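Analysis of the macromolecular model
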Amino acid sequence: MNLKTIYNFWINTKPFRSIWILPLVFTGLIIILFIYYSDSKKMQCTWEARDRWECARPTENS
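The following paragraphs examine the structure supplied in this document. (Residues numbered from 1 in each chain as written. Predicted model: local features only at pLDDT ≥ 70, side-chain atom pairs only at ≥ 80, totals over all residues. Heavy atoms only, no water.)

1. A short note on the packing of aromatic side chains
- One pass over the structure, following the stated rule, counts 1 aromatic pair.
- Between Tyr36 and Tyr37, the ring centres sit 4.9 Å apart and the planes meet at 85°, which makes this aromatic pair edge-to-face. Assigned by exposure class, Tyr36 and Tyr37 land together as exposed. (Phe/Tyr/Trp six-rings, centres within 6.5 Å; stacked < 30°, edge-to-face > 60°. Buried < 20%, exposed > 50% of the residue type's maximum accessible area, 1.4 Å probe, protein only.)

2. Quick notes on the pairing of strand 2 (residues 53–56)
- Bridge count between strand 1 (residues 44–47) and strand 2: 4 bridges; the pairing is antiparallel. Residue pairing for strand 2: Thr46 is matched across the bridge by Glu54.
- In sequence, strand 1 turns back onto strand 2 through a hairpin of 5 residues, with Asp51 there showing a positive phi of about 60°. (Pairing = 2+ DSSP bridges. Helix = DSSP H or I, 4+ residues; strand = E, 2+ residues; numbered from the N terminus.)

Any link to function would need more than the numbers given here.
Shown next, in the form of structure tokens:
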């Protein structure tokens, strides 16, 4: 396969490139925003008696 064949294939897939690449970029940006702005470090997860993980913000006992 030579370079011209690869180039022609790339040119012919123009409609499909815009369909798949843009949603992937937007999804990646949304995931990065969720990770950056999440406050999962403030959450406390424990194994409860009901045999499942329960995650909640720690309560302040005053």
